[in-house]
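Architecture and fold: a report
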Amino acid sequence: ETVKAVDGVDFDIHYGEVLGLVGESGCGKSTTGRTILRLLDPTDGEIVFEGNNITQYKKKQLRPVYERMQLVFQDPFASLNPRKKVGDAFEEVLYVHKMKSRVERRERVKDLFEMVGLRQEDMEKYPHEFSGGQRQRIVIARALAVQPKLIICDEPVSALDVSIQAQIVNLLTSLKSRLGLSYLFISHDLRVVKYMSDRVAVMYLGKIVEIAPADALFKNPTHPYSKALLSAIAAIKPGQKRKRIILEGEVPSPVNPPSGCRFRTRCKYTTKQCSEMEPELKCIGGEHFVRCHLC
Ligand code: SF4
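Figured I'd write up the structure that's included with this text. (Residues numbered from 1 in each chain as written. Predicted model: local features only at pLDDT ≥ 70, side-chain atom pairs only at ≥ 80, totals over all residues. Heavy atoms only, no water.)

Remarks on a positive patch on the surface
A grouping of Lys-59, Lys-60, Arg-63, Lys-98 and Lys-100 is seen on the molecular surface, where their side chains present a positively charged patch. One can find Lys-100 in the loop between helix H3 (86-96) and helix H4 (102-115). (Patch = residues over 30% accessible without salt bridge, like charges linked within 9 Å, V, L, I, M, F, W, Y side chains within 5 Å. Areas by Shrake-Rupley, 256 points an atom, 1.4 Å probe, with all protein chains shown as cover. Salt bridge = Lys/Arg side-chain N within 4 Å of Asp/Glu carboxyl O. Lys, Arg positive; Asp, Glu negative; His and termini not counted. Charge placed at Lys NZ, Arg CZ, Asp CG, Glu CD. Helix = DSSP H or I, 4+ residues; strand = E, 2+ residues; numbered from the N terminus.)

Structural notes on the site of the ligand
Every one of the 13 residues lining the ligand counts as a neighbour, but Cys-261, Cys-267, Cys-274, Cys-292 and His-293 are closest to it. For the shell around the ligand, the per-class residue count stands at 9 nonpolar, 3 polar and 1 charged. (Near = heavy atom within 4 Å. Nonpolar A, V, L, I, M, F, W, Y, C, P; charged D, E, K, R; others polar.)

With respect to the sheet that holds strand E4 (residues 69-73)
Read from one edge of the open sheet, 8 strands run E4-E5-E6-E1-E7-E8-E10-E9, paired in mixed fashion. The open sheet terminates on both sides in strands that have one partner only, identified here as E4 and strand E9 (282-285). Taken pair by pair, the neighbouring strands of this sheet meet at an average axis angle of 20°, ignoring direction. Here 4 bridges tie strand E1 (residues 18-22) to strand E7 (residues 199-204), and the two strands are oriented parallel to one another. The partner of Leu-21 across the bridge, within E7, is Ala-201. Against the sheet, helix H1 (residues 29-36) makes contact with E1, E4, strand E5 (150-154), strand E6 (182-186) and E7, and its axis sits at roughly 150° relative to E6, the strand it touches most. Packing of helix H5 (residues 132-144) onto the sheet brings it into contact with E4 and E5, and relative to E4 it is tilted by some 175°. (Pairing = 2+ DSSP bridges. Axes fitted to C-alpha atoms, helices over the stretch in contact; angles between N-to-C directions. Contact = heavy atoms within 4.5 Å.)

Things to note about the packing of H3 against H5
One way to put it is that H3 packs onto H5 with a least axis distance of 10 Å and a crossing angle of 20°. Regarding the angle of H3 to H5, the classification is roughly parallel. Regarding H3 and H5, the two cross each other, and that crossing is right-handed. Contacts between H3 and H5 involve Val-86, Phe-90 and Val-93 on the former and, on the latter, Ile-138, Ala-141 and Arg-142. A breakdown of the residues in the contact of H3 with H5 according to their chemical character gives 5 nonpolar, no polar and 1 charged. (Parallel < 35°, antiparallel > 145°, perpendicular 65-115°, else oblique. Left-handed = near helix turned anticlockwise from the far one by under 90°.)

Listed below in structure tokens is the structure:
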């Protein structure tokens, strides 16, 4: 039996754009990111990257794709080899990507370290000698080593202290402008997503239920699930009150999702139509799309 962790996930990421992806844990955010990178194989649908349909690409065909698309994830320590000096590990990455001259590689590593706010002498250290924030900088630099255009950031700051989170968020923002990057920014932290994103997609039980420019979504969340999710963060304007909406009930299992609208078991507006027919993602104006029969 196939469990559809994500289904009906339709979105584009434009050049130079940050698309935030939010939802409770287990809603399929990470699965979506990993499927775009083809670390997971989709059973259905298409992944088109820079005009090429990469859905069926074999390993060898994916190699050049990975020079344009990279992943930065939550646990930087797990992705660094503890027995290698970080500078050497970087050089290996560059060697694999056809930078054969040692001098050139050293120079490039130096540039990358500088770009993410690390010192040249840090190249000679082992991963355990760095703090969590510095390790995340290393992982970002390594992702940049191959000069990608799209970075899938999967909870890139969740494991860090709040003060360090801000530094990494600022670093990602400045790198984006400097290098013309696009990000798919996956996070459960709504404040960070609001700060980082141009547009935001809200996921519930494997489906996008709302997608809109960040301003529009945070000012006027329209899907009942988005309303509840976003009510957890403070009002947008000073003095404005937003009442926290507490959702009743558990998130249903993706093995056996509810018929019709997947949110209907927790939605206070549910009607007969909601259990019989699945709502489509409909445009409610401009770039604002919502999956709900009421809209
Ligand atoms: Fe609620 Fe029905 Fe809208 Fe689903 S379609 S969110 S159940 S009102």
